[in-house]
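Tertiary structure, described
Read off the chains here:
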Amino acid sequence: MASADVEALDFEPEDDDLMDEDGGVDDNNNASSPRAAPLPKLKSAITGGAKKTKGRGFREESDADRHTRLASRDFDSLGSDGGPGPQRSIEGWIILVTGVHEEAQEDHLHNAFSEFGQIKNLHLNLDRRTGYVKGYALIEYETFEEAQKAISDMNGAELLTQTLTVDWAFSNGPSTGPFRRKTMRPARRSRSPRRRY
Amino acid sequence: MAAIEEESGEFYLRYYVGHKGKFGHEFLEFEFRPDGKLRYANNSNYKNDTMIRKEVFLSPAVLKECRRIISESEIMKEDDNNWPEPDRIGRQELEIVMGNEHISFTTSKIGSLVDVQSSNDPEGLRIFYYLVQDLKCFVFSLISLHFKIKPI
């Protein structure tokens, strides 16, 4: 029985090689408060001014596991030159469409976006609660030019009464602070009247 | 209303779901960092031993949409005080920094809406339940399109 309780509460990853420096601390915690699991305490991954904090994560004890799981250097990525601008995905170029009407269907997007090139993939995800469209779509083109054309022609266009925002999904390097839009998107030429679909 | 906080300011998000069992520590975790980097880790020791770890920089447009999804959920108004404690079945963690608020919620795995209904805070837990699904859905689309892998 006792061992079952311990097991239920024990979140120590004994078989996790990422983690082994926190054992002593956890033993102490267990001794002082047998009901308290050795749970992670949050050390914010970011720094900043005083914030209003809320949640168990601030009251729980430190867990080195939490800090190492995503801290590793061995995350795979597709190569990038680190500069600004969009990044190519493994089989093409992905754009993000936002402001998509909740009753939009794949056909609407397909019709509007296939004039710039063959759409290799289209994700139109649904709101899990309502079952309607969540408001965004991800579209893949094979070439940079097709994706770029879709962005410049469709950003600001109207679909089912809503104005779309269209931009690249992935970036070559970090964006620090509030992002400077102009580095992502060159100033547009004088634009033609908005499209409607 | 929420539009203002969507536009600027600090942003960080981390979601973890996992458990420790006979196949070791199995978990899924992803993180949106302030510099725009998305990190995704999925460790299942069942059948194969490999941990999937992927990272990619997101455009500001994607981060903005992520903020919108969070703002509209109103998760920042909730509190995990009355949510089920993590147990041997597993735990979930959701940490978000947005504006001048920082939440770090922890709860058990939620199998279905039945678990939500029978909890002590069904309204709050329902918001968490749906937000997590919407975020996972967003991240899985991003990762699978970029890397051509099937998450989970």
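An unreviewed UniProt entry lists chain B under the name Mago_nashi domain-containing protein, from Cephalotus follicularis.

As recorded in an unreviewed UniProt entry, chain A goes by RNA-binding protein 8A and comes from Cephalotus follicularis. Annotation of chain A in UniProt includes, under Sequence similarities (unreviewed entry), the sentence "Belongs to the RBM8A family."

Side note on the interface of chain B and chain A
Opposite the 73 residues of chain B that make contact, chain A presents 70 residues. Here chain B meets chain A over a buried area of about 6100 Å², counting both sides, of which 55% is carbon and sulfur. Considering only the side of chain B, the residues that lose the most area to chain A are Arg 53, Leu 145 and His 146 of chain B, jointly responsible for 13% of the buried surface there. Linking chain B to chain A there are ten salt bridges. Among the ionic pairs, Arg 69 of chain A bridges to Glu 93 of chain B, the shortest N-O distance being 3.8 Å. For the pair chain B and chain A, the interface holds 36 residue pairs in polar contact (both at pLDDT 80 or more). Considering each element in turn, the side of chain B that touches chain A owes the most residues, eleven residues, to helix α4 (residues 122-147) of chain B.

Focus: the packing of aromatic side chains
All chains considered together, the criterion is met by 13 aromatic pairs over all chains. Measuring from ring centre to ring centre gives 5.5 Å for Tyr 15 of chain B and Phe 30 of chain B, while their planes differ by 40°; the resulting arrangement is tilted. On the criterion of sequence distance, the pair formed by Tyr 15 of chain B in strand β1 (residues 11-21) and Phe 30 of chain B in strand β2 (residues 24-32) is long-range, its members being 15 residues apart. A single burial state applies to Tyr 15 of chain B and to Phe 30 of chain B, both of which are buried. Put simply, the rings of Phe 11, Tyr 15, Phe 30 and Phe 32 of chain B touch in pairs and so form one group of aromatic residues. Its end group placed over the ring of Phe 27 of chain B, Arg 69 of chain A keeps NZ or CZ at 5.6 Å from the ring centre. Positioned above the aromatic ring of Phe 75 of chain A is the side chain of Arg 39 of chain B, whose terminal nitrogen or guanidinium carbon lies 4.0 Å from the ring centre.

Rules and cut-offs
Residues numbered from 1 in each chain as written. Chains lettered and ligands numbered in written order. Predicted model: local features only at pLDDT ≥ 70, side-chain atom pairs only at ≥ 80, totals over all residues. Heavy atoms only, no water. UniProt positions renumbered as here; feature names shortened; annotations may be inferred. Contact = heavy atoms within 4.5 Å. Buried area = accessible area lost by both parts, 1.4 Å probe. Salt bridge = Lys/Arg side-chain N within 4 Å of Asp/Glu carboxyl O. Polar contact = N/O pair within 3.5 Å; in protein donor to acceptor, adjacent residues only side chain to side chain. Helix = DSSP H or I, 4+ residues; strand = E, 2+ residues; numbered from the N terminus. Phe/Tyr/Trp six-rings, centres within 6.5 Å; stacked < 30°, edge-to-face > 60°. Buried < 20%, exposed > 50% of the residue type's maximum accessible area, 1.4 Å probe, protein only. Lys NZ or Arg CZ within 6 Å of the ring centre and 35° of its normal.

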